[in-house]
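Here's the letter readout for the chains.
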Amino acid sequence: MRSEELKAVLEIESASFSRPWAEQHFQYEIDSPFGHPMVALADDGTLAGYLCLKVVLDEAEILDVAVAASHRGKGVGRLLVQWALDFSRERGASLLFLEVRAGNVEAIGLYRSFGFRESGRRKNYYDNGEDAILMEIPVCLQSEEDHAV
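Residues numbered from 1 in each chain as written. Predicted model: local features only at pLDDT ≥ 70, side-chain atom pairs only at ≥ 80, totals over all residues. Heavy atoms only, no water.

**Examining the packing of aromatic side chains**
Here's step 1: Enumeration according to the criterion identifies five aromatic pairs in this entry.
Here's step 2: For the pair Trp 21 and Phe 26, a centre-to-centre distance of 4.9 Å together with 50 degrees between the ring planes defines the contact as tilted.
Here's step 3: Overall, the relative accessible area of 0% leaves Phe 26 in the buried class.
Here's step 4: Each ring, one from Phe 26 and one from Tyr 50, has its centre 5.6 Å from the other, and the planes form 90 degrees; the classification is edge-to-face. Taken as a pair, Phe 26 in helix H2 (residues 23-31) and Tyr 50 in strand S2 (residues 47-56) lie far apart in primary sequence, 24 residues in all. (Phe/Tyr/Trp six-rings, centres within 6.5 Å; stacked < 30°, edge-to-face > 60°. Buried < 20%, exposed > 50% of the residue type's maximum accessible area, 1.4 Å probe, protein only. Helix = DSSP H or I, 4+ residues; strand = E, 2+ residues; numbered from the N terminus.)

What follows is the structure in structure tokens.
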């Protein structure tokens, strides 16, 4: 993600969330040595979606992810989550975690298809009283020693 892409990112963010991130929040992630925001571009060059990943020591967290309404159901979210898993693994993270609205069945299904498991719940986390589900997946590569018999 680059600063010049923020206008398109903010349009998707505003259309996707009732309490969208502000431009400064995205800019912070762009500038942070721990932030790894990524965009997905459609074949025509338009911004199809984005994911903000933070990696600190051996933990990684998906902070924000959204796909433009016109690109949903086309694998963009799957591509972004796969990127987050691969990037986290490359950076030496042992765990990738996220939180998702309990009612976001589509996103929960996507995360479960990758092997994410529910690890907790934040009751009444969102403005409307909805719970946040905490999900995580181990991402570290097993060493060859781990495969020895």
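**A short note on the confidence of the model for the chain**
Here's step 1: On average, the chain scores 91 in pLDDT, and the residues at 70 or more come to 94%.
Here's step 2: Scored below 50 in pLDDT, residues 142-149 makes one contact in the model with residues more than four places away or belonging to other chains. (pLDDT = per-residue confidence, 0-100. Contact = heavy atoms within 4.5 Å.)

**Thoughts on the side chain of Ser 88**
Here's step 1: Here Ser 88 shows up in helix H3 (residues 76-90).
Here's step 2: By relative accessible area, which is 0% here, Ser 88 ends up buried.
Here's step 3: Look past the residues within four positions of Ser 88 in its chain and what remains in contact with it is Leu 53, Ala 60, Ala 93, Leu 96 and Val 139.

**Details of helix H4 (residues 105-114)**
Here's step 1: Restricting attention to buried positions, one finds in H4 the residues Ala 107, Ile 108, Tyr 111 and Phe 114. Viewed end-on, H4 has its buried residues packed into an arc of 120 degrees, placing them on one side of the element. Opposite the buried face of H4, at more than 90 degrees from it, the exposed residues are Val 105 and Glu 106.
Here's step 2: Residues of H4 that are buried make contact with strand S3 (59-67), H3, strand S4 (95-101) and strand S6 (132-138).
Here's step 3: At the C-terminal side of H4, Gly 115 shows a positive phi close to 105 degrees. (Arc of directions from axis to C-beta.)

**A word on the pairing of S3**
Here's step 1: Taken together, the eight bridges between S2 and S3 define a ladder with antiparallel strand orientation. Considered in S3, the bridge of Leu 53 is made with Ile 62.
Here's step 2: Connecting S2 to the next strand, S3, in antiparallel fashion are two residues, including Leu 57 with a positive phi near 55 degrees.
Here's step 3: In this structure, S3 lies alongside S4, joined through three bridges in parallel fashion. (Pairing = 2+ DSSP bridges.)

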